[in-house]
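These are the residues of each chain, in order.
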Amino acid sequence: YHDDPPLEPRVSRCMDVPGFTPVDGSPSRSPLNVADYLLRETKGKTLTEIGSRNGDILACITHFKVNEEKLPAPVSVELDEEYCGKMRARGIEVRCDPIEDLGDDK
């Protein structure tokens, strides 16, 4: 691989989402190109993200899943109450519970 030309990162589709502004930068969260990959690999499927921090990736994915694929909004599972509030303020559906409790709908 040492003779390969350097890879040039692409600008993520997230930057085309109206009003989208990332809160976190890498390495605090995955690069936004991860959202592009997930959108391609989960086309036609719903998605849940575990540990979403401020919700940058999920905010991007939600736009495309809801508006283009006409699917239900993805869900975040987040344990930190502060991040849950921040994601709700961004319109992201979030379960603020330990993952072990998710199957126990009461």
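Reading the values: rules and limits
- Residues numbered from 1 in each chain as written.
- Predicted model: local features only at pLDDT ≥ 70, side-chain atom pairs only at ≥ 80, totals over all residues.
- Heavy atoms only, no water.
- Core = buried A, V, L, I, M, F, W, Y, C linked by side-chain atoms within 4.5 Å.
- Buried < 20%, exposed > 50% of the residue type's maximum accessible area, 1.4 Å probe, protein only.
- Helix = DSSP H or I, 4+ residues; strand = E, 2+ residues; numbered from the N terminus.
- Phe/Tyr/Trp six-rings, centres within 6.5 Å; stacked < 30°, edge-to-face > 60°.
- Lys NZ or Arg CZ within 6 Å of the ring centre and 35° of its normal.
- Pairing = 2+ DSSP bridges.
- Axes fitted to C-alpha atoms, helices over the stretch in contact; angles between N-to-C directions.
- 1 Å grid on protein atoms, 1.4 Å probe; cavity = no way out; pocket = protein on both sides within 12 Å on 5 of 7 lines; lining within 4 Å.
- Points joined across faces, edges and corners; volume = space filled by probe spheres on them.
- Nonpolar A, V, L, I, M, F, W, Y, C, P; charged D, E, K, R; others polar.

1. Remarks on the nonpolar core
The tendency in soluble globular proteins is for nonpolar side chains to be buried side by side.
Argument step 1. Within the largest apolar cluster, 19 residues are counted, with the highest numbers of intra-cluster contacts made by C14, F20, A35, C60 and I61.
Argument step 2. Going through the elements one at a time, α1 (33-41), α2 (56-67) and α3 (81-89) are the ones with two or more residues in this core.
Argument step 3. If one sorts the elements of this core by residue count, α2 sits on top with six residues.

2. Quick word on the packing of aromatic side chains
Argument step 1. Inspection of every chain in the model, using the stated rule, returns zero aromatic pairs.
Argument step 2. Directly above the ring of F64 sits R13, whose terminal nitrogen or CZ lies 4.0 Å from the centroid.

3. Quick look at the sheet that holds strand β3 (residues 93-95)
Argument step 1. Strand order in the open sheet formed by three strands is β1-β2-β3, with parallel pairing between adjacent strands. Strands with a single pairing partner mark the edges of an open sheet, and in this sheet they are β1 (48-50) and β3. Strand after strand, the sheet turns through a mean of 25° between neighbouring axes, direction not considered.
Argument step 2. Note: β1 against strand β2 (residues 75-77), three bridges, orientation parallel. Among the inter-strand pairings, T48 is bridged to a residue of β2, identified as V75.

4. Points about the layout of surface pockets
Argument step 1. Looking at the largest pocket, its volume works out to about 190 Å³.
Argument step 2. As for the largest pocket, its lining consists of R10, V11, R13, N33, D36, Y37, L39 and R40.
Argument step 3. Here the residues of the lining of the largest pocket sort into three nonpolar, one polar and four charged.

Honestly, that's just the spatial picture; any functional story needs more than this.
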